[in-house]
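Analysis of the macromolecular model
The primary structure of each chain is shown beneath.
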Amino acid sequence: MNTLSNMIKVAVVGGEGIGPEVTDQSHRILKWFSARRGIPVALREAQYGLIPYLATGKVLPDDTAEAMEEADAILWGATGGPETKEVPPAARKVGSLLSLRSKYDLYANLRPIVANPALADSASLKASVLKDVDFIIIRELTSGIYFGEPRGIETLPDGQRRGFNTQQYTTSQIRRVARTAFELARTRKGRVCSVDKANVLETSVLWREEVTALHQAEFSDIELTHLYVDNAAMQIVRAPSQFDVMVTCNIFGDILSDCAAMASGSLGMLPSVSLGPPDRLGRRKALYEPVHGSAPDIAGKGIANPLGSILSVAMMLRLTLNRPDDATLLEKAVDTALAGGARTADIAEPGAKRLSTQE
Ligand code: ATP
Ligand code: MG
């Protein structure tokens, strides 16, 4: 018998825009794995965004905050779109996704970039789907230039205005995200590429030194390479199949992961997870979400591609629920569906049958 205390707790928060539509599908799949594969997971659904704001005055109502607080993992949909305008900015800020990432210290953002072979020959996709692409970008998420102080816009004596930000990293901030990369590489092809701009930036000089030191001390079984970010961008476009695990700072990761996303065809297919620090037992709080946003242009139509959210569940099976075989089973199911021609509108050829989100 599973009691609640030995169950893994997952909060399911669909949010806004297409978030609830796609999360409904991944939620169904989680329930299937729980019931049919005996995974001891306690699912708790909670609301986020405009709807709870209208009812309670909070985008993150207390019930949702509690569900997320006690959860080992959160399955998140999306937030944003026109709904943001109906909530005053101050009320938006309390419990925003950005503030939650900071609160739970979700410093390692993992985005797998996998090009599905079934889409490789698609003529209609605006992106170029490439064969043999299978790597993960790890972006540091809670530091760097996004959070560095001082920052601001000031007026100079000559009347000009000057904007400034501070790129900053400490040794521990670099080492913990690099550790995530090395540990992940051990479960994959054993290669880490660290991306920086050490020819120009002090933070990058420190980044390279610390990544190298950690590698020598604890991960010499892993192959470590370094690339400058400009070269990394070029290599992602030129020959993405060379990469296994790429690790980089917040801003470089933001740009490179969107660039790499195009190798897999549609924004709607990409999963992600943001991981917090490990506890004494090595468990890490994790927020799983599709890479796409609220997609207001298609929200409510039932046509959104749910695969980004569904593949986020595969990541959850592997990283939080410790069920690599079930993760592979789900990924194979997605491959089989795509190979059999299942297509939502975003990846369908002209004139071909388009499945609904639920189908
Ligand atoms: P947000 O501000 O919430 O990020 P956005 O306007 O940037 O919203 P995105 O969600 O980032 O919208 O989507 C960008 C484009 O990709 C939109 O045209 C959207 O319809 C499309 N898109 C995003 N996700 C999906 C999906 N799951 N299925 C199909 N199309 C999608
Ligand atoms: Mg967007």
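Residues numbered from 1 in each chain as written. Chains lettered and ligands numbered in written order. Predicted model: local features only at pLDDT ≥ 70, side-chain atom pairs only at ≥ 80, totals over all residues.

How we decide: UniProt positions are given in the numbering used here, feature names are shortened, and annotations may be inferred rather than shown by experiment.
The protein appears in an unreviewed UniProt entry as 3-isopropylmalate dehydrogenase from Bradyrhizobium campsiandrae. UniProt, in the comment section headed Sequence similarities (unreviewed entry), describes the protein in these words: "Belongs to the isocitrate and isopropylmalate dehydrogenases family. LeuB type 1 subfamily." Turning to the protein, the UniProt record has this under Catalytic activity (unreviewed entry): "(2R,3S)-3-isopropylmalate + NAD(+) = 4-methyl-2-oxopentanoate + CO2 + NADH".

Things to note about the overall build of the protein
Using the following cut-off: Helix numbering and strand numbering both begin at the N terminus, where a helix is a DSSP run of H or I of at least 4 residues and a strand a DSSP run of E of at least 2. It is over C-alpha atoms that the radius of gyration is taken, and the globule rule equals 2.2 Å times the number of residues to the power 0.38. Any residue with 12 or fewer other C-beta atoms within 10 Å of its own C-beta is exposed, any with 20 or more is buried, and the rest are partly exposed; the C-beta atoms used are placed from the backbone. Contact between residues is assigned whenever the C-beta positions, reconstructed from backbone atoms, fall within 7 Å.
Within the protein one finds eleven helices and twelve strands. In terms of overall size, the protein behaves like a compact globule, its C-alpha atoms giving a radius of gyration of 21 Å where 359 residues would be expected to give roughly 21 Å. Taken along its principal axes, the extent of the C-alpha atoms in the protein is 55 × 50 × 45 Å. Looking at the protein residue by residue over its 359 residues, the buried ones come to 45%. For the protein, the proportion of contacts with a sequence separation of at least 24, taken over those separated by at least 6, is 74%.

Quick look at the UniProt feature "site: Important for catalysis" (unreviewed entry) in the protein
As recorded in UniProt, the feature "site: Important for catalysis" (unreviewed entry) lies at Tyr-146 and Lys-197. Turning to its location among the elements, Tyr-146 is positioned in the loop between β5 (134-140) and β6 (152-155). For Tyr-146, the residues in contact, after removing those within four places along its chain, are Asn-250 and Ile-251. Looking at the secondary structure, you find Lys-197 in the loop between β8 (191-196) and α7 (202-218). Judged by local crowding, Lys-197 falls into the buried class, with 21 C-beta atoms found within 10 Å. Setting aside anything within four residues of it in sequence, one finds Lys-197 in contact with Ser-204, Tyr-228 and Val-229.

Quick word on the site of ligand 1
Under the convention used in this document: Any residue whose C-beta atom, as set from the backbone, lies within 6 Å of a molecule or strand is reported as near that molecule or strand. Charged residues are taken to be Asp, Glu, Lys and Arg, nonpolar residues to be Ala, Val, Leu, Ile, Met, Phe, Trp, Tyr, Cys and Pro, and polar residues to be all remaining types, Gly included.
Surrounding ligand 1, one finds 19 residues, the nearest of these being Gly-80, Gly-268, His-292, Gly-293 and Asn-305. Partitioning the shell around ligand 1 into residue classes produces eight nonpolar, nine polar and two charged.

Thoughts on the pairing of strand β4 (residues 108-114)
Rules: At least two DSSP bridges between two strands are required for those strands to pair.
Counting buried positions over the seven residues of β4 gives six, a clear majority of the element. Relative to β5, β4 is paired through seven bridges, and the arrangement is antiparallel. Looking at β5, one finds that Val-114 is bridged to Asp-134. Two strands pair when backbone bridges link them, and β4 and strand β11 (residues 271-278) are joined in this way by three bridges, in the antiparallel orientation. Looking across to β11, one finds that Ala-108 is bridged to Leu-275.

Here we look at the environment of Arg-36
Secondary-structure assignment places Arg-36 in helix α1 (residues 19-36). Accessibility expressed as a C-beta count within 10 Å gives 9 for Arg-36, which makes it exposed.

Comments concerning the packing of helix α8 (residues 229-238) against helix α9 (residues 250-261)
Just so we agree on the cut-off: Every angle, taken between N-to-C directions, lies between 0 and 180 degrees, and every axis is a line fitted to C-alpha atoms, over only the stretch in contact when it is a helix. When an angle is under 35 degrees it counts as roughly parallel; over 145 it counts as roughly antiparallel; between 65 and 115 it counts as roughly perpendicular; any other value is oblique. By definition, any crossing whose near helix is turned counterclockwise from its far helix by less than a right angle is left-handed, and any crossing with a clockwise turn is right-handed.
Packing of α8 against α9 brings their axes to within 10 Å, and their N-to-C directions diverge by 15°. Taken as axis vectors, α8 and α9 run roughly parallel relative to one another. Crossing of α8 over α9 shows right-handed handedness. Residues Val-229, Ala-232, Ala-233 and Ile-236 of α8 lie in contact with α9, whose contacting residues are Phe-252, Leu-256, Cys-259 and Ala-260. For the contact of α8 with α9, the class distribution of residues is eight nonpolar, no polar and no charged.

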